[in-house]
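Chain by chain, the residues:
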Number of protein chains: 2
Amino acid sequence: MIETVSTARAHGGTQGVYRHRSAATGTDMTFSVFVPDHAPGARLPVVWYLSGLTCTHANVTEKGEYRRACAELGLIFVAPDTSPRGEGVPDDPAGAYDFGLGAGFYVDATQPPFDRHYRLWSYVTDELPALVAEAFPIDTTRQSITGHSMGGHGALTVGLRFPERFRAVSAFAPIVAPSQVPWGQKALGGYLGEDCAAWRRHDAVALIEDGARVKALLVDQGDADSFLAEQLRPELLADACEKAGIPLTLRMQPGYDHSYYFISTFLADHLAWHAERLR
Amino acid sequence: MIETVSTARAHGGTQGVYRHRSAATGTDMTFSVFVPDHAPGARLPVVWYLSGLTCTHANVTEKGEYRRACAELGLIFVAPDTSPRGEGVPDDPAGAYDFGLGAGFYVDATQPPFDRHYRLWSYVTDELPALVAEAFPIDTTRQSITGHSMGGHGALTVGLRFPERFRAVSAFAPIVAPSQVPWGQKALGGYLGEDCAAWRRHDAVALIEDGARVKALLVDQGDADSFLAEQLRPELLADACEKAGIPLTLRMQPGYDHSYYFISTFLADHLAWHAERLR
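Values in this document were obtained by computation on a predicted structure and should not be read as measured data.

Cut-off values and rules
Residues numbered from 1 in each chain as written. Chains lettered and ligands numbered in written order. Predicted model: local features only at pLDDT ≥ 70, side-chain atom pairs only at ≥ 80, totals over all residues. Heavy atoms only, no water. Helix = DSSP H or I, 4+ residues; strand = E, 2+ residues; numbered from the N terminus. Rg over C-alpha atoms; globule rule 2.2 N^0.38 Å. Buried < 20%, exposed > 50% of the residue type's maximum accessible area, 1.4 Å probe, protein only. Contact = heavy atoms within 4.5 Å. Areas by Shrake-Rupley, 256 points an atom, 1.4 Å probe, with all protein chains shown as cover. Least-squares fit on C-alpha atoms with pLDDT ≥ 70 in both. Pairing = 2+ DSSP bridges. Axes fitted to C-alpha atoms, helices over the stretch in contact; angles between N-to-C directions. Buried area = accessible area lost by both parts, 1.4 Å probe. Salt bridge = Lys/Arg side-chain N within 4 Å of Asp/Glu carboxyl O. Polar contact = N/O pair within 3.5 Å; in protein donor to acceptor, adjacent residues only side chain to side chain. UniProt positions renumbered as here; feature names shortened; annotations may be inferred.

> It is not clear to me how the overall build of chain A should be interpreted in this structure. Could you clarify?
The number of helices and strands found in chain A is ten helices and nine strands. For 279 residues, the compact-globule estimate of 2.2 N^0.38 gives 19 Å, and chain A sits close to it at 17 Å. Per-residue burial over chain A gives 61% buried out of 279 residues. Across chain A, the fraction of contacts at a sequence separation of at least 24, relative to all contacts at a separation of at least 6, is 72%. Accessible surface for chain A amounts to roughly 10200 Å². Of this, 50% is attributable to carbon and sulfur atoms.

Right under this line is the structure:
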């Protein structure tokens with residue numbers, strides 16, 4: 001059961017925000033969907049967008065500047081939340097922004113007390129896809145995925161593990177190798193404990209080393225991004241893709257930072273790139 | 001003296017947020033400016049955007065989706081705040097959203113206690129234009145103005161009273177006749193008292209009746225806007241323009257509401273329309 005929080009007409013389509021009770025997380029979850037106007041009975045390709053640390057569905061919905069391109073290209077755009085929320089959901093013990101609320105890292109936690117609600121992997125790969133496929137006019141044979149920062153990590157790992165489902169994968173300033181950077185080490189340790197095999201299943205570079213492949217990969221990265229050298233390290237992805245023969249287009253964007261000013265500048269480009277692969 | 005709050009690269013230009021001490025309002029004021037990349041020494045036309053009730057510069061800056069069009073068209077985009085803010089600035093006695101903070105209505109208040117700080121007319125027509133003309137590469141012979149709701153009222157009244165400065169005027173869901181609607185009656189009464197002549201100088205329909213003219217006028221209005229019938233009443237503007245021979249293009253947009261989903265859908269259209277008139 002999906003509850004409509006709001007809908008508004010925008011760019012010749014409908015931008016909706018919806019809420020439902022999630023079995024995966026055991027909480028209410030909110031997400032947004034943009035559906036361009038379309039012929040009755042038509043089913044449209046879909047682009048999934050996974051958000052970064054501290055975000056909800058609302059950041060990209062308000063600041064992403066994707067609706068015009070989606071309307072022109074005939075793409076549905078789905079933006080989930082980044083963590084469970086609500087009463088009884090544990091947060092980072094110190095209230096840090098990079099773990100707990102707003103920082104689910106797209107894994108199914110195995111470590112108490114997070115294992116009960118922090119099940120974003122199941123949520124974005126299983127429960128939510130089934131729900132939106134039923135409620136919206138999605139052509140499930142034409143899906144692709146993108147995301148930002150922590151959500152870029154999510155898009156890469158989801159795309160690498162479901163290569164038959166997603167025709168293309170892109171990302172903005174993704175965390176490409178969480179096992180090797182502070183954000184990822186804290187999150188994977190906190191949610192998954194010391195299980196090295198589990199870490200590798202949630203690390204794009206490790207997945208590629210272990211044989212996972214995607215058909216096409218586009219990454220934009222601002223060179224004025226303050227997280228570039230310590231947390232993002234796109235060169236690790238470039239190396240892994242080169243060794244694996246994955247066609248990666250990595251665009252270093254001069255002067256751009258980590259914000260939605262960066263994302264909104266290039267998101268329409270990504271959508272056009274996805275649309276070509278979703279024809 | 002302008003203090004830079006932040007700058008970010010976006011859509012091949014620079015989105016900045018700035019703060020300065022305003023002589024007009026006696027407070028610090030914050031505003032945003034987008035400057036597209038341009039040849040050294042070049043001066044660019046500018047579009048002023050006046051925001052609506054409850055907004056600061058940030059709403060349109062984050063949600064307006066104007067940067068791509070401004071970059072393509074070579075337009076500078078300036079977004080002021082809607083009221084004075086800070087210690088000692090009086091608000092609506094009941095804390096209502098439609099008077100006081102976030103609701104300056106682009107007038108110079110004459111009524112205590114508002115007359116000391118609520119001087120948005122002087123601010124947006126005099127002080128801020130001089131400041132930005134000095135600090136940014138603006139061609140002051142090529143200016144136009146637009147705005148939303150209360151800011152549409154501002155754009156219309158400023159444009160009508162400075163027809164030599166602004167080559168074109170447009171608005172989104174403007175309050176066209178504040179003297180005749182509840183929002184306007186409360187604001188004009190509260191800021192200007194019972195001075196009927198002063199009210200007429202801040203009422204677009206009255207200004208047109210009293211002989212003011214603009215060269216070109218474009219208005220978009222959503223027909224699902226919940227404020228349409230009581231507060232906005234675009235038919236009053238259409239009547240006044242028809243009688244005065246002002247070329248008004250009034251576009252009723254089916255299904256659109258009063259939000260930034262509406263504005264962001266059509267703002268690029270307005271910018272293209274302004275750019276034609278700013279050549």
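> Explanation requested: the relation of the copies chain B and chain A in the structure shown.
For these two chain copies, the linking operation is a rotation about an axis paired with a shift along it. Mapping chain B onto chain A calls for a rotation angle of 180° and an axial translation of 0.0 Å; the resulting RMSD is 0.0 Å. Expressed as an axis order, the relation between the two copies is that of a two-fold axis. Taking C-alpha positions as the reference, the residue of chain B nearest the rotation axis is lysine 63 of chain B, at 2.7 Å. A shared binding surface is used by both copies, with 100% of the interface residues of chain B retained as interface residues in chain A.

> Before we go on, may I ask you to explain the sheet that holds strand S8 (residues 217–222) of chain B in this structure?
By way of backbone hydrogen bonds, the strands of a sheet pair with one another, either parallel or antiparallel. All names here are of chain B. Ordered by their spatial adjacency, nine strands build an open sheet running S1-S2-S3-S5-S4-S6-S7-S8-S9, and the pairing between neighbours is mixed. Of all the strands in the sheet, just strand S1 (2–10) and strand S9 (248–253) have a single pairing partner and so form its edges. Strand-to-strand, the axes of this sheet are offset by a mean angle of 20°, without reference to chain direction. Where strand S3 (residues 28–36) meets strand S5 (residues 76–80), four bridges bridge the pair, whose relative direction is antiparallel. By the bridge assignment for S5, valine 33 is matched with valine 78. Docked against the sheet, helix H10 (residues 260–277) engages strand S4 (44–50), S5, strand S6 (138–147), strand S7 (166–172), S8 and S9, running at close to 165° with respect to S7.

> Just checking my understanding: could you explain the interface of chain B and chain A for this structure?
Quite often, the size of an interface is put as the accessible area lost when its parts meet. Across the boundary between the two partners, chain B contributes 21 residues, which contact 21 residues of chain A. Between chain B and chain A, the buried area comes to about 1900 Å², and carbon and sulfur atoms account for 49% of it. Taken as a group, Arg9, Glu65 and Tyr261 of chain B account for 34% of the area that chain B buries against chain A, more than any other trio of residues on that side. Linking chain B with chain A are two salt bridges, by the criterion used here. A salt bridge links glutamate 65 of chain B to arginine 67 of chain A, with the nearest nitrogen and oxygen atoms 3.4 Å apart. The tally of links from chain B across to chain A stands at twelve residue pairs in polar contact (both at pLDDT 80 or more). By residue number, the principal contributor to the side of chain B that touches chain A is H10 of chain B, which donates five residues.

> Help me out: how do you make sense of the sheet that holds strand S7 (residues 166–172) of chain A in this one?
Residue and element names in this part refer to chain A. Taken together, nine strands build an open sheet; the order of strands is S1-S2-S3-S5-S4-S6-S7-S8-S9 and the sheet is mixed. Across the chains shown, the open sheet's two edge strands, defined by having one partner strand only, are strand S1 (2–10) and strand S9 (248–253). Across the sheet, the mean angle from the axis of one strand to that of its neighbour is 20°, orientation sign disregarded. Contacts between helix H4 (residues 150–161) and the sheet are confined to strand S4 (44–50), strand S6 (138–147), S7 and strand S8 (217–222), with S6 contributing the most and set at about 135° to the helix. Of the strands in this sheet, S4, strand S5 (76–79), S6, S7, S8 and S9 are in contact with helix H10 (residues 260–277), which crosses S7 at around 165°.

> What is the right way to look at the pairing of strand S2 (residues 13–21) of chain A in this model?
Residues and elements named next belong to chain A. Judged from the eight bridges that link them, S1 and S2 form a sheet pairing that is antiparallel. Across the sheet, threonine 7 pairs through a bridge with glycine 16, a residue of S2. Counted between consecutive antiparallel strands, the loop separating S1 from S2 contains two residues, among which histidine 11 sits at a positive phi close to 50°. The pairing of S2 with strand S3 (residues 28–36) spans nine bridges and is classified as antiparallel. Bridge pairing links glycine 16 to valine 33 in S3.

> Mind showing me how you'd approach the UniProt feature "active site" (unreviewed entry) in chain A here?
Residues and elements named next belong to chain A. The UniProt record marks Ser149, Asp225 and His258 with the feature "active site" (unreviewed entry), using the residue numbering of this structure. Across 110 residues in sequence, these annotated residues keep their C-alpha atoms within 10.8 Å of one another, forming a single compact spot. The topology assignment puts aspartate 225 in the loop between S8 and helix H8 (228–232). Leave out the neighbours within four places in its chain, and aspartate 225 touches Ala173, Leu232, Tyr256, Asp257 and His258. Side-chain polar atoms of aspartate 225 contact the side chain of glutamine 221, separated by 3.1 Å. Counting through the fold element by element, histidine 258 comes out in the loop between S9 and H10. Since its relative accessible area comes to 14%, histidine 258 is described here as buried. Setting aside anything within four residues of it in sequence, one finds histidine 258 in contact with His148, Ser149, Ala173, Trp183, Asp225, Phe227 and Leu232. Separated by 2.9 Å, the side chains of histidine 258 and serine 149 make a polar contact.

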